[in-house]
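Structure assessment
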Amino acid sequence: MSAVNETLIRDVVAEVLGKLGGTITTTAKPAPAPSAPQSGACGCGTKKATSAPALRGKFGVFATAEEACAAAQESFLQLKEKGMAARRKIEEIVKALAEKNAEQWGRIEFEETKIGRLDHKIAKLGLIKLVPGVDWLRPDARSGDHGITLEEYTPFGVVGAITPSTHSIPTLSGNIVNICAAGNSVVFNAHPSAARCAAIAVRAYNEAIYRETGIENIACIIEKPSLDSFNELCKNEFTRLLLVTGGPMVVKAAMQTGKRAICAGPGNPPVFVDDTCCPTRAAKAIISGAAFDNNLLCIGEKQVFVLDQVADKLMQRMAENGAVKLNPSQLEKLTKAAFTFKEGQGGGCAQAHTNKDYIGKDPSVLAQAAGINLPSGTQLLFGETDAMHPFVQEEQMMPMIPIVRVKSVEEGIERSLQSEHNYKHTAIIHSHDVENITAMARALDTTLFVKNGPSPAGLGLGGEGYLSFSIATPTGEGITNPRTFTRVRRCVMVDNLRIY
Ligand code: NAD
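Below: a short report on this structure. Every chain begins its residue count from 1, and numbering advances along the sequence as written. Only residues with pLDDT of at least 70 are given local features in this predicted model, and only at 80 or more are side-chain atom pairs given and counted; all residues enter the totals for whole chains, interfaces and linings. Excluded from the side-chain calculation are hydrogens and water; included are all heavy atoms of the structure.

**Description of the side chain of Glu109**
Counting through the fold element by element, Glu109 comes out in helix α3 (residues 102–113). Lys121 provides the closest opposite charge to the buried, salt-bridge-free Glu109, at an N-O distance of 4.8 Å. Within polar-contact distance, the side chain of Glu109 engages the backbone nitrogen of Ile169 at 2.9 Å. In contact with Glu109, other than residues within four places in its own chain, are Lys114, Lys121, Ser165, Thr166, His167, Ser168, Ile169, Pro170 and Cys197. In this text, helices come from DSSP runs of H or I with a minimum length of four residues, and strands from runs of E with a minimum of two, each type numbered from the N-terminal end. For every residue, the accessible area (1.4 Å probe, protein chains only) is compared with the maximum for its type, and the residue is labelled buried under 20%, exposed over 50%, or partly exposed between those bounds. Counting rule for charge: Lys and Arg are taken as positive, Asp and Glu as negative, and neither His nor the chain ends is counted. Whenever Lys or Arg places a side-chain nitrogen within 4 Å of a carboxyl oxygen from Asp or Glu, that contact is recorded as a salt bridge. We call two N or O atoms a polar contact when they sit within 3.5 Å, provided that within protein one can donate a hydrogen and the other can accept it, with sequence-adjacent residues counted only if both atoms are side-chain atoms. Contacts were defined at the residue level, with two residues in contact if any of their heavy atoms lie within 4.5 Å.

**Describing the pairing of strand β16 (residues 426–430)**
Most of β16 is tucked away, with five of its five residues classed as buried. With burial as the criterion, each face of β16 is covered, one bearing Thr426, Ile428 and His430 and the other bearing Ala427 and Ile429. By the convention used here, strands pair only if DSSP detects at least 2 bridges between them. Here three bridges tie strand β9 (residues 270–273) to β16, and the two strands are oriented parallel to one another. Bridged to Val271 within β16 is Ile428. Across four bridges, β16 lies against strand β17 (residues 448–451) in parallel orientation. Across the sheet, Ala427 pairs through a bridge with Phe449, a residue of β17. By definition, the crossover connecting two strands over a helix is right-handed if that path, from the first strand to the second, turns clockwise as seen with the strands pointing away from the viewer. Following the backbone out of β16, through helix α15 (residues 434–444) and into the adjacent parallel β17, one traces a crossover that is right-handed.

**What to know about the site of the ligand**
If a single non-hydrogen atom of a residue is within 4 Å of a molecule or strand, that residue counts as near it. Of all residues adjacent to the ligand, which total 28 residues, the nearest are Ser165, Gly247, Gly265, Glu395 and Ile471. Within the backbone of Thr163, one N or O atom sits 2.8 Å away from an oxygen atom of the ligand. Note that accessible areas follow from Shrake-Rupley with a 1.4 Å probe, and for residues the cover is restricted to the protein chains shown. Relative to its unbound accessible surface of 830 Å², the ligand loses 86% to contact with the protein. For cavity detection a 1 Å grid was placed over the protein atoms alone, and a set of points counts as a cavity when a 1.4 Å probe fits there but cannot get out; an open set counts as a pocket when protein lies on both sides within 12 Å along at least five of seven lines, with lining residues being those that have an atom within 4 Å of a point. Think of it this way: a molecule belongs to a cavity or pocket when more than half its atoms come within 2 Å of the grid points there. Placement of the ligand is best described as lying within the largest pocket. Breaking the shell around the ligand down by element, the ones donating at least two residues are α7 (227–235) and α8 (248–255). Broken down by element, the shell around the ligand gets its largest block of residues, three residues, from α8. Of the residues that constitute the shell around the ligand, the class distribution is 14 nonpolar, 13 polar and one charged. For this classification, Asp, Glu, Lys and Arg are treated as charged, while Ala, Val, Leu, Ile, Met, Phe, Trp, Tyr, Cys and Pro are nonpolar and the rest, including Gly, are polar.

**Structural notes on the state of the cysteines**
The disulfide criterion used throughout: a pair of cysteine sulfur atoms within 2.5 Å. In this structure the tally under the stated criterion is zero disulfides. Of the cysteine sulfurs around Cys180, a residue in no disulfide, the closest is that of Cys220, at 9.6 Å. Of the residues examined, Cys180 reaches a relative accessible area of 1% and is grouped as buried. By relative accessible area, which is 0% here, Cys220 ends up buried.

**Considerations on the sheet that holds strand β14 (residues 380–384)**
The seven strands lie next to each other as β11-β14-β15-β10-β9-β16-β17, forming an open sheet whose pairing is parallel. With one partner strand each, in any of the chains shown, β11 (323–325) and β17 form the two edges of the open sheet. On average, adjacent strands in this sheet sit at an angle of 25 degrees to one another, irrespective of strand direction. One ladder, built from four bridges, connects strand β10 (residues 303–307) with strand β15 (residues 400–406); its direction is parallel. Across the sheet, Leu307 pairs through a bridge with Val406, a residue of β15. Along the sheet, helix α9 (residues 279–291) makes contact with β9, β10, β11, β14, β15 and β16, crossing β14 at roughly 120 degrees. Each axis is a line fitted through C-alpha atoms, and for a helix only the stretch in contact is used; angles between axes span 0 to 180 degrees, taken between their N-to-C directions. Each of β11, β14 and β15 touches helix α11 (residues 328–338); the most contacted strand, β14, lies at about 110 degrees to it.

**As for the sheet that holds strand β20 (residues 486–494)**
Overall, antiparallel pairing links the three strands, which are arranged β2-β3-β20 in an open sheet. Looking at which strands have only one partner, the edges of the open sheet turn out to be β2 (140–144) and β20. Averaged over all adjacent pairs, the angle separating strand axes in this sheet is 15 degrees, with direction ignored. Inspection of the sheet shows β2 paired to strand β3 (residues 147–155) by five bridges, in the antiparallel sense. Residue pairing across strands places Arg142 opposite Thr149, the latter belonging to β3.

**Comments concerning the environment of Phe156**
By the element assignment, Phe156 lies in the loop between β3 and β4 (158–162). Exposure remark for Phe156: the relative accessible area of 12% places this residue in the buried category. Remark: the alpha-carbon pair of Phe156 and Thr486, spanning 330 residues in sequence, is separated by 6.1 Å. Contacts of Phe156, omitting those with residues within four sequence positions, involve Phe76, Asn184, Arg240, Leu241, Arg260, Phe485, Thr486 and Arg487.

**A closer look at the pattern of salt bridges**
For the structure on display, the rule yields 20 salt bridges. Lys121 is paired through a salt bridge with Asp293; the nearest N and O atoms lie 3.0 Å apart. Of this pair, Lys121 sits in helix α4 (residues 118–125) while Asp293 sits in the loop between α9 and β10, and the two are 172 residues apart along the sequence. Asp293 carries the same exposure label as Lys121, and that label is buried. Note that Arg490 and Glu151 form a salt bridge whose closest N and O atoms lie 2.8 Å from each other. In this pair, Arg490 sits in strand β20 while Glu151 sits in strand β3, placing the two residues 339 residues apart along the sequence. In the salt-bridge network here, residues are joined through shared partners; they are Asp308, Asp312, Lys325, Glu384 and Arg405.

In short, the description is geometric, and any link to function would need to be established separately.
Have a look at this one:
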C-alpha cells in the first residue's frame, strides 16, 4: 500500500471513530522503541527520560504527570534533533487541524463545559492560524571591531501548562503553537470540567505530528487532571517552566511552586465612555466585546462607566443594536440569582460570590432569572447600577453589563481603576479626546488598552496585532508568543567573522 493511501485510510478511520465515540483512537504505528536511557541528570536540561514501553502508543494522553513529563522530555530531545523543519511542521499541523476540526471540537467542548456560545466556540478554533509561530523568532546580532555576537532565543525543555474551562482547546492549541515553535515540548493539566475535549485534541495533534515527524508526544496531557496532578507536574524534574492561564487561585498556587511561572491571570475590564465618543460606535463595540462567548473572555468588557451627559444616548444605542435593558426590579432579581452573599467576608457588608450556574450562560437564561422573556437575537443584557454593585466588582463572566453614570472624566477613570482591582489586565475607552485617552492609559496601567473598539481588537481581531489566548498579566510577559518561552543565549566570536 502506498504511503499516501495508508495515511488517507488512517485519517478516515480516525475521523469515523471520532464521530462514533467522541474519542479518536489511533491506527498510527507506535514509534520504534527509543535507544537506551542515559542515566543521571547534570542540570543541563538534556537528560533523557526513561523510555519505558508505557510511553509508547499514548499519543500524548497519560494517566500521570510523571509519565507525561517523561514522554514530553523524550519528545523535546527528538525535536532538538529534528530541528526547525519539525517545528514548522508542528505549527502547520496544529493550525490546520484546529481549523479543520473547529466545528466538531467546538461542539465537543461546548457539550462538555456547557458554558459560552457554540458559534463562538467554533469561531475561536478557526482563529488559531493567527497565533505567531516559528517565524516570530529572529536572533539579535551585533557586529563591530571585536567581531560578531549573536543572541539566540533557545528552548527551555518541558513547559507545564494549566488551561482554563473558558476556552480549553483554543488555549491549548495556541499554547502548543507558541511553545513548540520555540523548540519546547509541553504537558497540560487542563481544567477538570474541560479535560475530555482537551485530551481529544491532544491525541489528534500528536497522531498527525507523529505521522509527519516521528515525534509521538510533543504535547502531553494528564487525562484526569486534579490539584494533585498539578502539584506533581510542577514538581517534576523535567518541568522547566510553567504557563498558567486561569483565575487568582491557580496564579497564586503556581507562584508558590518555586518554578518560574508565566501567569495569564484574571481580569475585570472596565470601559470608560466620554462625551466626545461616537455613541453608536461605542454601543456596537461594547455589545460585540461583552457578548462574545457570553462574556467568558478575560479581556471582555465587564462594566461601563459613562459620563452622565452621554449615558442616555449610549444606552439608547445599545438597545437599538441588540442589547436589552433590565429595569431596577429585574436587575435586583437577577443579582439575587447570579450571586451568593456571605456574611462577614466583605468588611462589614456581605461578600458577593458569583454563582457558577450563571457563568457563560445565554442572555435568555439570565433573563428568566430576571423574570422576563427576551426578544430573539438578544446579544446582551444591561442595566444601570452603582459603582460598588456585584456586577461591577466581580469578574462575573455573564452577558450582562452594568452601566454606571459618572460626573467627570476624573471620576470615570478613578472608578475604572478601582473596579479593575489592580489585575493590570485590560481596559477600554471610547473617546476622541487624546488627553482623556492618555490619562486613562497612564492611570490604569493595564497590559491591554483598547481605544474606540471592542476588546478582541486588542488581540488582533479587528485591530492590529497578533493573537494569543494567554495574556501574561501579573508576571509581565504580555500577550504570549514564541519568544515568551525561550532562554536568551549569547554566542561571541572575538575579532573575527566581521566581513568588512
Ligand atoms: P480557574 O482559575 O478556575 O481554573 C484555571 C485552571 O487552574 C484550571 O485548570 C484549574 O483546574 C486550575 N486551578 C484552579 N485553582 C487551582 C489551584 N488552587 N491549584 C492548582 N490548580 C488550580 O479559571 P477558569 O474559571 O477555568 O477560567 C477563568 C479565569 O481565567 C478568569 O479569572 C479569567 O480571567 C482567567 N483567564 C485569564 C486569561 C489570560 O490570558 N490572562 C485567559 C483565560 C482565562
